[in-house]
Amino acid sequence: MAAMAAFLRRPRSIPLLAATLSAGVRPRHRSPSELRSLCNAVTLDCASPTSEKAAGASPGRKVLETFREEFEIGSRTVSIETGKIARFANGAVVIAMDDTNVLSTVASARGDGGRDFLPLTVDYQEKQYAQGVIPTTFMRREGAPKERELLCGRLIDRPIRPLFPRGFYHEVQVMANVLSSDGKQDPDVMAANATSAALMLSDIPWNGPIGVIRVGRIDGKFIFNPTMDELSLSDLNLVYACTKDRTLMIDVQAREITENDLQAGLKLAHPEAVKYIDPQIRLAKKAGKKKREYKLSMISDSTLEKIRNIAEAPIEAVFTDSSYGKFERGEALDLITQTVKAKLEEDCDEDSLKVLPKAVDMVRKQIIRRRIIDKGLRVDGRKLDEVRPLYCESGIYSMLHGSSLFSRGDTQVLCTVTLGTPGDAQRLDSIVGPPTKRFMLHYSFPPFSINEVAKRGGLNRREVGHGTLAEKALLAVLPPEDDFPYTVRVNSEVMASDGSTSMATVCGGSMALMDAGIPVREHVAGVSVGLISDVDPSTGNITDYRILTDILGLEDHLGDMDFKISGTRKGITAIQLDIKPAGIPLDIICESLEPARKGRIQILNRMEEKISAPRTMGDGSTPRLATFKLNPESLRRSIGFLNYQRKRIEQETGARVSVSDGTVTIVAKTGSIMEKAQEKITFLIGREIEVGGTYKGVVSSIKEYGAFIEFNGGQQGLLHISELAHEPVSKICDVLSVGQELSVMCIGQDLRGNIKLSLKATIPTKGSMVNHDPIPAKQSMNVWASPSENVATSTENIELTDVVQGESNEIQSITDSSPAVVILSAAECEAQELAAGQATKTTSRKLSRSPRPYASPQDAGSSNLQKRQSKKEKDVSNGTKDKTGSIQAGSLKIGDRLIAKIYQIRAHGLVLELTSGIRGMYKFEMNGKKDFELGKELQVRCSSFSSKGIPVFSLLEE
């Protein structure tokens, strides 16, 4: 039936229906099946005007009427568009720059709800889909607003709020969403411009539009709308908002930029920001709504005059007396308000009673402003450029890493510093910017600071904004991460508030950082500058004004500007400008920079009297920090195990352990805790071994020639019998036992990379109080090769052909100095002993075997050195000697004296052969080559073994 109705509504069906009715033909009753067939035919006919059969019905085509404006800012093209997305919103605009798109919408409630303020809400959101990422939260969706989202919301709120008309108290909500992000542009400035365009399109009364721009500076050159990569190289991050002729908002993070350079940047930013305004006006003319009439809650002139006549004289008396404190003054004003209320109740003036608080506030505002402009008198009796009395103290709590107390007038802030490992850095989920943040400043404004009762909630927009301002101010003087790897958290607790608590946080935070021993370059101080102005009602231009240094809370509330400026003696590090009127001329703002600089210098002088340089790290309760890198072998072997054991180590020692990118960082409160944590971590995973370093280890096995020590995360080294003590030791088992703990020093490596240890190097010699390290300078090293790698240290080579059973040719490196000893691990020695059948029942009495460097224990049976010969000593294994003087296989050891025959004569040495067929080598001494004959027998001594297990001999005097 619906298809039939559609068919009948089509214009081409009307003549056919008229002809049917004129012929007197009445539509006959049709069966349901016939009706369905007719409807299907009508549907097909409607879908195919050419009477061709179609597969099915197709919906109509909807055309979205869109409006778009494109323009250039700096070197980038910007577009604003409306009509395609969010068509039901009061105003909706999508702004695009490169591949970053931001949607901003506005909506307004109809009724004002009897309020006496503007309930403006700005919600900025960055969802992870904008960068093609699924959130990592448990629910896989975005949660509460993050700090960055709150800050971006404030950045949008601050310039648009002053442009709403006075008395407009209807609820307004702005919602900005990042639709897509290429990571190159920060969407916050784009969202602010899109919000201005959306308000222009809506029917909400608003005195816009505005333009917002970001300015950076690289190598002294200002750039507009810099990318994130360019911003990382810039020493200035300036966000500037304005109307065509007035400034609305300034937000600055800088690296000690001078006042003159900042003024130059502001004057360049204004004409570039104005370029955003004309496209918004053109778009509003094309697609904007007519501004509808809203109720403006204004106080009538008669009501205001009546209340002024009653309250003006007592209010002026309160402000004339500079002895009043903040709360005494507040109590006196409350008493005046109650007196006026009683008078109005007597007169039954209900209309005046409804606006009484607002009217009294306007009267006191007029009185204060007139006194400041006409007489130059401030509420507390100070001069216009005078800073309140200061009190500051550092190190007030010795248990904390750093602490300070800063007071300016009645404003008081307690700042503390806590140091942590790199793993304690805050992880950020922003779609732009760095993934982590190692410096955090958290600002807290408890209700007791203003003598109020209130419930503490979650993340507060005001607290986040003030804390971030102070964080940006102090960030400029922090040392680089490579020089100072700590994670730093500054906590600011407002103890009492009477204006400029954020600037007091900057001062207190700077002192606390120095108290913690953080090597900041110099102090940072902040001061807030205010403005009181007279405005011509007919033109809106400022006719007279006064600039106030270090404003009170009341002067902030009743004034026109809160200009927070922080920096060092060299320049500015952070700025935040908030205004109440609909814009202030840029010249007045630039003029305010000089009074702020003078006030900042006065505060810095007082701070430096208390603490002028960072304290020494390690003093008091400052935590100790140790950082060492894992070598690739230790990293591959132990990184997972360390992550598993990290919590247990922290519980047992009280230290904080962080593992990141192969670097282990330990933070401990005291030196003893640090040593305990280092011992545990070193025992688990080890660290890069240095020649001359002392390490704690455990005796794992004992041999006749020395002991194997397990240390540094499972690594083994040889403590030779000659390195036990300064006096000769006959039996090593009389000095050491398996499982014994001892401290040993690394004295070097052998040719094969095995570690040589010394116990006597850690023991002072007789008559000496200091243990002098006998290690030559050329052996100093801090990176060790894997035990499986050979270390080539020679400059001369001896070619040995057919040295071992006439098989492959080998080129063997021999050091110029005395040959280094090649010692196998304890497990390899055991394998060789078992292969030779020489293992005894008493392990502590086992004798050493020749150290054959097998690739694995299974290769022990394939030794080429099966038989060795000795002419002067008995067989070591069974105490017997062959008649031919040959030594049984596996019994040749260092120190054996033998008779060897010259097998070959080489350029740098001899190839010697024992009677059992074992071949070794002798290297000529410097300028010590003699005349040798093939087959001549020589008396030799086994001095060492090469990395291939070939014996190295030295000649004995005949």
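On a predicted model such as this, the values are computed, not experimentally measured, just so you know.

K.L.:
Talk me through the overall build of the protein; I want residue IDs and the actual numbers.
P.N.:
Helix and strand counts for the protein stand at 19 helices and 36 strands. Looking at the 958 residues of the protein, the share that counts as buried comes to 48%. Taking as baseline every contact in the protein between residues at least 6 positions apart, the subset at least 24 positions apart corresponds to 68%. Split by element, the accessible area of the protein, about 46900 Å² in all, is 51% carbon and sulfur.

K.L.:
Outline the pattern of salt bridges, supporting the account with residue identities and numerical values.
P.N.:
Inspection of every chain in the model, using the stated rule, returns 45 salt bridges. For Lys437, the salt bridge goes to Glu471, with nearest N and O atoms at 3.2 Å. Of this pair, Lys437 sits in strand S15 (residues 436–437) while Glu471 sits in helix H13 (residues 461–475), placing them 34 residues apart in sequence. Judged by its relative accessible area of 11%, Glu471 falls in the buried class.

K.L.:
Help me get a handle on the confidence of the model for the protein, residues and values and all.
P.N.:
In this model, the protein carries an average pLDDT of 79, and 76% of its residues clear a pLDDT of 70 or more. Within the protein, strand S31 (residues 810–814) has the poorest average pLDDT of any element, 33, and strand S9 (residues 236–242) the best, 97. Low pLDDT, under 50, characterises residues 1–54; the stretch is placed with 22 contacts to residues that sit more than four places away or in other chains. Considering only residues more than four positions removed or in separate chains, one finds that residues 838–886, a stretch of pLDDT under 50, has 124 contacts.

K.L.:
Before we move on, can you summarise the sheet that holds strand S12 (residues 402–408) with the specific residues and values?
P.N.:
Spatially, S11-S12-S13-S17-S16 is the arrangement adopted by the 5 strands of the open sheet, whose pairing is mixed. Edge positions in the sheet fall to strand S11 (390–394) and strand S16 (439–444), since each of these pairs with one other strand and no more. For this sheet, the mean angle separating the axes of adjacent strands, direction not counted, is 15°. One ladder, built from 7 bridges, connects S12 with strand S13 (residues 411–420); its direction is antiparallel. Residue Ser404 lies in a different strand from S13, and its bridge partner there is Cys415. Across the sheet, helix H14 (residues 501–515) touches S11, S12, S13, S16 and strand S17 (487–496), and the angle it forms with S12 is around 145°.

K.L.:
Give me the lowdown on the sheet that holds strand S6 (residues 172–180), citing residues and values where you can.
P.N.:
One open sheet accounts for 6 strands, arranged S1-S2-S3-S4-S6-S5; its pairing is mixed. Here the strands that pair on one side only, and so sit at the sheet edges, are strand S1 (67–73) and strand S5 (120–125). Taking the axes of each pair of neighbouring strands and ignoring which way they run, one obtains an average angle of 15° across the sheet. Where S1 and strand S2 (residues 76–82) come together, 7 bridges link them in antiparallel fashion. Across the sheet, the residue bridging to Ile73 is Arg76, located in S2.

K.L.:
Please give an account of the nonpolar core that cites residues and values.
P.N.:
Counting residues in each nonpolar core, the largest one holds 128 residues, and the members touching the most others are Val488, Leu513 and Ile518. Those residues within four positions of Val488 in sequence are excluded, and the remaining contacts are Val417, Thr418, Leu419, Arg438, Phe439, Met440, Leu513 and Ile518. Formed by 27 residues, the second largest nonpolar core is a distinct cluster that contains Ile307, Leu344, Ile372 and Leu558.

K.L.:
Describe the pairing of strand S8 (residues 221–224), listing the residues and the values that go with them.
P.N.:
Judged from the 4 bridges that link them, strand S7 (residues 211–218) and S8 form a sheet pairing that is antiparallel. Pairing of Gly216 across the sheet is with Ile223, part of S8. In sequence, S7 turns back onto S8 through a hairpin of 2 residues, with Asp219 there showing a positive phi of about 55°.

K.L.:
Outline helix H10 (residues 326–346), supporting the account with residue identities and numerical values.
P.N.:
With 21 residues, H10 should reach 30 Å at 1.5 Å per residue; the first-to-last C-alpha distance of 31 Å fits that figure. Within the span of H10, buried status applies to Arg329, Ala332, Leu333, Ile336, Thr337, Val340 and Leu344. When H10 is viewed along its axis, its buried side chains cluster within an angular range of 140° and face the same direction. Exposed side of H10, more than 90 degrees from the buried face: Glu331, Asp334, Leu335 and Glu346 are the residues found there. Close packing links the buried residues of H10 with helix H9 (301–320), helix H11 (350–354), helix H12 (356–375) and helix H15 (553–558). Just beyond H10, the residue with positive phi is Cys348, at close to 55°.

K.L.:
Go over the packing of aromatic side chains, please, and point to the residues and values.
P.N.:
This model, assessed by the stated rule, comprises 5 aromatic pairs. Ring centres of Phe168 and Tyr294 lie 5.1 Å apart, and the angle between their planes is 80°; on these two criteria the pair is classed as edge-to-face. Within this pair, whereas Phe168 is found in the loop between helix H4 (147–160) and S6, its partner Tyr294 is found in the loop between helix H8 (277–287) and H9, the two being separated by 126 residues in sequence. On the basis of relative accessibility, which here comes to 1%, the residue Phe168 falls in the buried class. Taking the relative accessible area as the measure of exposure, Tyr294 reaches 11% and is therefore buried. Between Tyr705 and Phe708 the ring centres are 6.5 Å apart and the planes differ by 85°, which places this aromatic pair in the edge-to-face class. Phe708 shares its class with Tyr705; the two are buried. Over the aromatic face of Phe445 sits the side chain of Arg462, whose NZ or CZ is 4.4 Å from the ring centroid.

K.L.:
Got a sec to walk through the side chain of Thr568? Specific residues and values, please.
P.N.:
Structurally, Thr568 can be placed in the loop between strand S20 (561–567) and strand S21 (572–579). Every residue in contact with Thr568, bar those within four places of it in the chain, is listed here: Glu256, Val477, Glu522, His523, Val524, Thr573, Arg600 and Leu604.

K.L.:
An account of unusual backbone geometry is requested, with residue identities and associated values reported.
P.N.:
With an omega of 5°, the peptide bond running from Gly208 to Pro209 counts as cis. The phi dihedral of Ala86 falls on the positive side, at around 55°, and the residue is not glycine. Tracing the backbone through its elements, the reader meets Ala86 in the loop between S2 and strand S3 (91–97). In this structure, Asp219 takes a positive phi of about 55° despite not being glycine. Mapped onto the elements, Asp219 comes out in the loop between S7 and S8. Taking relative accessible area as the criterion, Asp219 reaches 80% and is therefore assigned exposed.

K.L.:
Now, about the environment of Glu913: what can you tell me, with residues and values included?
P.N.:
On the secondary structure map, Glu913 appears in strand S33 (residues 909–913). Here the alpha-carbon distance between Glu913 and Tyr903, two residues 10 residues apart in the chain, equals 5.8 Å. In contact with Glu913, not counting residues within four places along its chain, are Ala900, Lys901, Tyr903, Ile918 and Arg919.

K.L.:
Pulling in residues and values, what's your account of the pairing of S13?
P.N.:
With respect to burial, S13 is a largely interior element, 8 of its 10 residues being buried. Here S12 hands over to S13 after 2 residues, with Gly409 in that stretch at a positive phi of 65°. Both S13 and S17 contribute to a ladder of 9 bridges, which runs antiparallel. Within the sheet, the bridge partner assigned to Val413 lies in S17 and is Val494.

K.L.:
Let's hear about the packing of helix H5 (residues 187–201) against H8: which residues, and what values?
P.N.:
When two helices pack together, their arrangement is given by the angle between the helix axes and the distance between those axes. Where H5 contacts H8, the two axes come as close as 9 Å, and the packing angle between them is 35°. In this structure, the crossing between H5 and H8 has a hand that is right-handed. For the pair H5 and H8, the contacting residues are Asn193, Ser196, Ala197, Met200 and Leu201 in the first and Gln280, Leu283, Ala284 and Ala287 in the second. Classifying every residue of the contact of H5 with H8 gives 6 nonpolar, 3 polar and no charged.

K.L.:
Got a sec to walk through the packing of H9 against H10? Specific residues and values, please.
P.N.:
Taken N-terminus to C-terminus, the directions of H9 and H10 make an angle of 160°; their axes are 10 Å apart at the nearest point. Comparing their axes, H10 and H9 come out roughly antiparallel. At the point where H9 passes H10, the crossing takes the right-handed sense. Residue-level inspection shows Lys306, Ile307, Ile310, Ala311, Pro314, Ile315, Val318 and Phe319 of H9 in contact with H10, the latter providing Arg329, Ala332, Leu333, Ile336, Val340, Lys343 and Leu344. For the contact of H9 with H10, the class distribution of residues is 12 nonpolar, no polar and 3 charged.

Quick notes on the rules
- Residues numbered from 1 in each chain as written.
- Predicted model: local features only at pLDDT ≥ 70, side-chain atom pairs only at ≥ 80, totals over all residues.
- Heavy atoms only, no water.
- Helix = DSSP H or I, 4+ residues; strand = E, 2+ residues; numbered from the N terminus.
- Buried < 20%, exposed > 50% of the residue type's maximum accessible area, 1.4 Å probe, protein only.
- Contact = heavy atoms within 4.5 Å.
- Areas by Shrake-Rupley, 256 points an atom, 1.4 Å probe, with all protein chains shown as cover.
- Salt bridge = Lys/Arg side-chain N within 4 Å of Asp/Glu carboxyl O.
- pLDDT = per-residue confidence, 0-100.
- Pairing = 2+ DSSP bridges.
- Axes fitted to C-alpha atoms, helices over the stretch in contact; angles between N-to-C directions.
- Core = buried A, V, L, I, M, F, W, Y, C linked by side-chain atoms within 4.5 Å.
- Expected span 1.5 Å × (residues − 1).
- Arc of directions from axis to C-beta.
- Phe/Tyr/Trp six-rings, centres within 6.5 Å; stacked < 30°, edge-to-face > 60°.
- Lys NZ or Arg CZ within 6 Å of the ring centre and 35° of its normal.
- Left-handed = near helix turned anticlockwise from the far one by under 90°.
- Nonpolar A, V, L, I, M, F, W, Y, C, P; charged D, E, K, R; others polar.
- Parallel < 35°, antiparallel > 145°, perpendicular 65-115°, else oblique.

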